[in-house]
Amino acid sequence: MVERSPILNVVSQLVLFLGLLSVLLPFAIIAIAASHDLRTVNEVPMPLTPGPYFWDNIVEAWTRADLGPKIVNSIVFAAGVALGKVFIAALTAFSIVYFRYWGKMLVFWAIFITLMLPLEVRIVPTYAVAANVLSPYQALLDLTGITWVVQQATGIQIALKWGLLNSYTGLILPLVATATGTFLYRQFFLTLPDELTEAARMDGAGALRFFFDVLLPLSKTNMAALGTIMFVWAWNQYLWPLLVTTDAAHGTAVTQLKELIPQINGSPDWHVAMAGTLIVMLPPLVVVIFMQRWFVRGLVATEK
Amino acid sequence: MAEVQIRGVHKSYNKVPTVHGIDLTIAHGEFVVLLGPSGCGKSTLLRMIAGLEEITGGEIAIDGQVVNKLEPRERGCAMVFQNYALYPHMTVAENIGYALKVAGMRKAERRAKVRAVAQSLGLAEMLERKPGTLSGGQRQRVAIGRAMIREPKVFLFDEPLSNLDAKLRAQMRIEIRRLHQKLGATSVFVTHDQVEAMTLADRLVVLNQGRVEQIGTPTEVYRRPASRFVAGFIGAPAMNFMDGTMAKDGRIAIGAGNGIPVVIGVRPDEIKIVDAPLKGTLDFEIELVEELGTGQVLYGRSGALEMTVMRNANGGVLPKPGERLAVKIPMAAVHLFEVESGRRIDLPPTRLAAE
């Protein structure tokens with residue numbers, strides 16, 4: 001129900017404005033802090049008007065934390081995770097919705113259950129696997145005694161090893177599976193009429209052809225939404241990049257921010273830290289602004 | 001063009017049988033309509049021909065080749081769906097040409113074919129538009145174009161007109177019939193609409209609960225319905241049924257009497273309204289009048305019998321509810337059915353003529 005009265009309008013505008021203010025305030029403080037020098041930023045209370053050193057601080061943060069290569073790393077990482085999720089989730093949902101096979105419900109529930117096991121919960125085993133992708137198979141071989149038999153027979157010790165630490169693959173691969181994305185696609189696929197599938201079959205299109213020619217183009221808006229959300233999510237990841245990249249060359253921008261945070265006995269240069277934060281915030285913002293056009297257009301013009 | 005042979009085809013869903021052995025041969029270039037109420041198995045049968053539904057038992061052969069195990073694309077059928085099932089993200093041209101694209105035809109060749117098909121369906125002006133911007137009739141024409149372009153051996157139509165409004169439906173009906181005359185392809189058309197079925201069919205197959213009730217030309221099926229079900233299903237307003245008896249000498253009486261019990265069927269438009277009650281006329285009390293323009297449908301009763309009478313006149317004094325009329329049932333209009341099986345009882349014509 002839509003009610004229209006002047007008082008209600010004023011009240012709702014006020015609520016909206018308050019909401020906007022509370023969202024923008026922290027950003028304003030970051031931006032203001034990033035524009036002062038060391039002395040002013042540590043005054044109590046901190047001045048609420050911008051100072052003249054904004055650009056100097058940005059440059060300082062950029063060089064001190066070596067943000068250029070880190071942002072490139074972050075973009076590769078976040079884009080890789082987002083694209084991987086968009087594609088793998090589509091493929092998984094395709095299998096769940098359009099095929100009948102033994103154990104399908106098992107797979108479905110297995111995916112569902114991963115919702116309850118976020119990365120933080122399974123960080124140790126995930127790390128172990130990333131350190132050596134083949135370790136589960138090694139364990140199997142060891143357990144069944146095959147390693148021992150082979151060693152007795154040939155003198156060769158089986159030691160499978162494929163490490164992913166300090167690589168883009170290691171950063172991206174463990175994060176590309178997504179239950180949320182799979183469900184998003186699943187719900188969408190379920191709304192498509194069966195006749196569309198049948199028409200494609202009559203036209204002679206096989207399963208993969210149907211997936212690429214019909215399902216993916218129809219899921220464009222889903223993909224844009226999922227991709228955007230997942231890009232921002234991956235960009236903000238802290239724990240996993242920190243664990244996997246011991247080599248500074250593969251660090252991401254977000255983990256690199258800790259280089260800018262003042263040390264216990266260092267100088268309290270919060271202005272540089274804030275400037276760095278602003279820089280790191282920028283790329284996901286650009287992505288959201290750019291992608292927004294896509295999924296809003298998709299939501300307005302629903303073709304079904 | 002191809003002959004389609006359906007031999008003893010059964011279908012069960014989760015062990016529940018829905019189609020109980022259908023035998024039907026569709027000749028080259030014939031237009032066959034499968035007609036029946038919803039759930040009678042007509043769509044299932046069509047989908048089994050198309051290859052969208054597995055065949056539980058029996059055989060289907062197209063052009064002499066058994067197709068039970070073949071994929072839809074290998075059967076040489078094309079299908080037009082009830083909800084059009086156009087690809088919403090493709091233009092009209094892409095929709096029509098998709099089958100050729102999948103088949104790997106080159107672009108220039110494809111475009112020429114699409115243009116030719118679109119031209120014949122009056123779609124040439126809208127090749128670059130998306131289905132979402134088209135009207136229902138135009139969409140259905142695109143769907144037909146998509147089926148035509150593959151030059152299929154068999155055309156399958158799954159209630160393609162039921163989403164259109166009445167006027168458009170009549171128009172599309174004529175277009176489909178015209179198209180069939182031009183292409184001469186074997187066609188199977190599923191519908192629950194008897195007008196559609198009667199007007200389109202070379203041959204009509206009436207189905208009920210997964211069984212064939214009658215196969216014949218529309219005229220045959222209308223004039224000599226093979227069972228009580230067919231008689232009641234075809235013709236509007238529906239046929240009147242009365243319990244009656246048939247004596248040994250072939251004399252038929254409404255109500256209880258000597259002889260074996262039968263069901264007497266008379267079409268409402270064959271009951272004659274006479275000026276005055278005479279011997280052999282029935283007293284009919286009108287309860288409801290439906291104006292059709294060309295005439296009126298009178299619902300009412302004759303004694304305890306419910307009856308529908310068609311008045312084929314649009315002039316004179318209109319009958320009103322509550323009025324009484326004298327009506328006469330000509331013997332030639334009487335259809336007889338067995339009580340138990342519902343099967344038609346054929347009488348020698350001499351008996352029918354006797355009153």
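Bear in mind the structure is a predicted one, so any value in this text is a computation, not a measurement.

For chain B, the helix and strand inventory stands at ten helices and 20 strands. Oriented by its inertia axes, the alpha-carbon framework of chain B measures out at about 80 × 45 × 35 Å. Of all 355 residues assigned to chain B, the portion counted as buried reaches 37%. Sequence-distant contacts, at least 24 apart, represent 61% of the contacts inside chain B between residues at least 6 apart.

This brings us to the overall build of chain A. When its secondary structure is counted, chain A shows 16 helices and zero strands. A compact globule built from 304 residues would reach a C-alpha radius of gyration of about 19 Å, whereas chain A, at 25 Å, exceeds it by more than 25%. Reported as C-alpha extents along the three principal axes, the dimensions of chain A are approximately 75 × 65 × 30 Å. Across the 304 residues in chain A, those meeting the buried criterion constitute 27%. Long-range pairs, those at least 24 residues apart, make up 74% of the contacts in chain A between residues at least 6 apart in sequence.

On to the interface of chain A and chain B. In this complex, chain A contributes 16 residues to the contact, which on the side of chain B involves 17 residues. Put simply, the parts of the chain that give the side of chain A that touches chain B at least two residues each are helix H11 (194-202) and helix H12 (207-218) of chain A. In terms of residue count, H11 of chain A provides more of the side of chain A that touches chain B than any other element does, six residues in total. Of the residues contributing to the side of chain A that touches chain B, the split by class is eight nonpolar, one polar and seven charged.

Within the largest apolar cluster, 139 residues are counted, with the highest numbers of intra-cluster contacts made by Val 33, Leu 34, Ile 49 and Leu 156 of chain B. No other element matches helix H4 (residues 67-98) of chain A, which puts twelve residues into this core. With residues near it in sequence (within four places) discarded, Val 33 of chain B still touches Phe 189, Thr 191, Ala 197, Leu 200, Ala 201, Leu 204 and Val 205 of chain B.

Residues and elements named next belong to chain B. With their axes 7 Å apart at the nearest point, helix H3 (residues 92-103) and helix H5 (residues 136-148) run at an angle of 30° to one another. Relative to H5, H3 is oriented roughly parallel. The chirality of how H3 crosses H5 is right-handed. The segment H3 lies against H5, with Val 92, Asn 95, Ile 96 and Ala 99 engaging Val 142, Gly 145 and Arg 146. Residues that form the contact of H3 with H5 fall into these classes: four nonpolar, two polar and one charged.

A word on unusual backbone geometry. Residues and elements named next belong to chain B. With omega at -10°, the peptide bond leading from Ala 236 into Pro 237 counts as cis. Positionally, Pro 237 belongs in the loop between helix H9 (228-233) and strand S11 (240-246). Even without being a glycine, Asn 14 presents a positive backbone phi close to 50°. With respect to the helices, strands and loops of the structure, Asn 14 is situated in the loop between strand S1 (4-13) and strand S2 (16-26). Given 4 C-beta atoms within 10 Å, Asn 14 falls into the exposed group. Positive phi, close to 60°, is recorded for Asp 63, a residue that is not glycine.

The next point concerns the sheet that holds S11 of chain B. Strand pairs in the sheet, formed through backbone hydrogen bonds, run parallel or antiparallel to each other. Residue and element names in this part refer to chain B. Judged by pairing direction, the sheet is antiparallel, and its five strands sit side by side in the order S12-S11-S13-S19-S20 without closing on themselves. Strand pairing shows two members of the sheet lacking a second neighbour, strand S12 (252-254) and strand S20 (344-345), which therefore form its edges. The pairing of strand S13 (residues 260-266) with strand S19 (residues 335-338) spans four bridges and is antiparallel. Pairing of Gly 265 across the sheet is with His 335, part of S19.

Our next topic: the sheet that holds S1 of chain B. Residue and element names in this part refer to chain B. Read from one edge to the other, the open sheet built from four strands follows the order S2-S1-S4-S5, with strand pairing classed as antiparallel. The open sheet has two edge strands, S2 and strand S5 (65-66), and neither has a second partner. Strand direction decides the pairing type here: S1 and S2, joined by eight bridges, are antiparallel. Considered in S2, the bridge of Tyr 13 is made with Val 16.

The next thing to look at is the confidence of the model for chain A. Interpretation of the predicted coordinates at a detailed level should be avoided for regions scoring low in pLDDT. With 96% of its residues at a pLDDT of 70 or more, chain A shows a mean pLDDT of 85. Between the elements of chain A, mean pLDDT differs from a low of 78, seen in helix H2 (residues 38-41) of chain A, to a high of 92, seen in H12 of chain A.

Let us look at the pairing of strand S9 (residues 203-208) of chain B. Residue and element names in this part refer to chain B. For S9, the buried fraction is high: five of the six residues fall into the buried class. In terms of strand pairing, strand S3 (residues 31-35) meets S9 through four bridges, oriented parallel. Residue pairing for S9: Leu 34 is matched across the bridge by Val 205. Pairing between S9 and strand S10 (residues 211-216): five bridges, direction antiparallel. Paired with Val 205 across the two strands is Ile 215, which belongs to S10. Hairpin connection between S9 and S10: a loop of two residues separates the two successive antiparallel strands, and Gln 209 in this loop has a positive phi of roughly 50°.

Right, let's talk about the environment of Asp 37 of chain A for a bit. Positionally, Asp 37 of chain A belongs in the loop between helix H1 (6-33) and H2. Not counting chain neighbours up to four residues away, the residues in contact with Asp 37 of chain A comprise Gly 51, Tyr 53 and His 271 of chain A.

With respect to the helices, strands and loops of the structure, Val 41 of chain A is situated in helix H2. Taking the C-alpha atoms as reference, Val 41 of chain A lies 54 Å from Leu 215 of chain A; in sequence the two are 174 residues apart.

This part takes up the environment of Thr 169 of chain A. Position of Thr 169 of chain A among the secondary structure elements: in helix H9 (residues 168-172). The spacing of Thr 169 of chain A and Pro 241 of chain A is 72 residues in sequence and 11 Å in space, taken between C-alpha atoms.

Moving on, we get to the pairing of strand S18 (residues 324-328) of chain B. All names here are of chain B. Judged from the three bridges that link them, strand S14 (residues 272-274) and S18 form a sheet pairing that is antiparallel. The residue bridging Ile 273 from the neighbouring strand is Val 327, located in S18. Pairing of strand S15 (residues 282-291) with S18, which is carried by four bridges, proceeds in the antiparallel orientation. Residue pairing for S18: Glu 285 is matched across the bridge by Arg 324.

Mean pLDDT over chain B stands at 88; residues scoring 70 or higher make up 97%. Confidence metrics for the complex model read pTM 0.79 and ipTM 0.82.

The next thing to look at is helix H7 (residues 135-144) of chain A. For H7 of chain A, the tally of buried residues reaches only zero of ten residues, placing the bulk of the element at the surface. Of the residues trailing H7 of chain A, Gly 145 of chain A is marked for its positive phi of about 85°.

Cut-offs and rules
- Residues numbered from 1 in each chain as written.
- Chains lettered and ligands numbered in written order.
- Predicted model: local features only at pLDDT ≥ 70, side-chain atom pairs only at ≥ 80, totals over all residues.
- Helix = DSSP H or I, 4+ residues; strand = E, 2+ residues; numbered from the N terminus.
- Buried ≥ 20, exposed ≤ 12 C-beta atoms within 10 Å, placed from the backbone.
- Contact = placed C-beta atoms within 7 Å.
- Rg over C-alpha atoms; globule rule 2.2 N^0.38 Å.
- Nonpolar A, V, L, I, M, F, W, Y, C, P; charged D, E, K, R; others polar.
- Core = buried A, V, L, I, M, F, W, Y, C linked by C-beta atoms within 7 Å.
- Axes fitted to C-alpha atoms, helices over the stretch in contact; angles between N-to-C directions.
- Parallel < 35°, antiparallel > 145°, perpendicular 65-115°, else oblique.
- Left-handed = near helix turned anticlockwise from the far one by under 90°.
- Pairing = 2+ DSSP bridges.
- pLDDT = per-residue confidence, 0-100.

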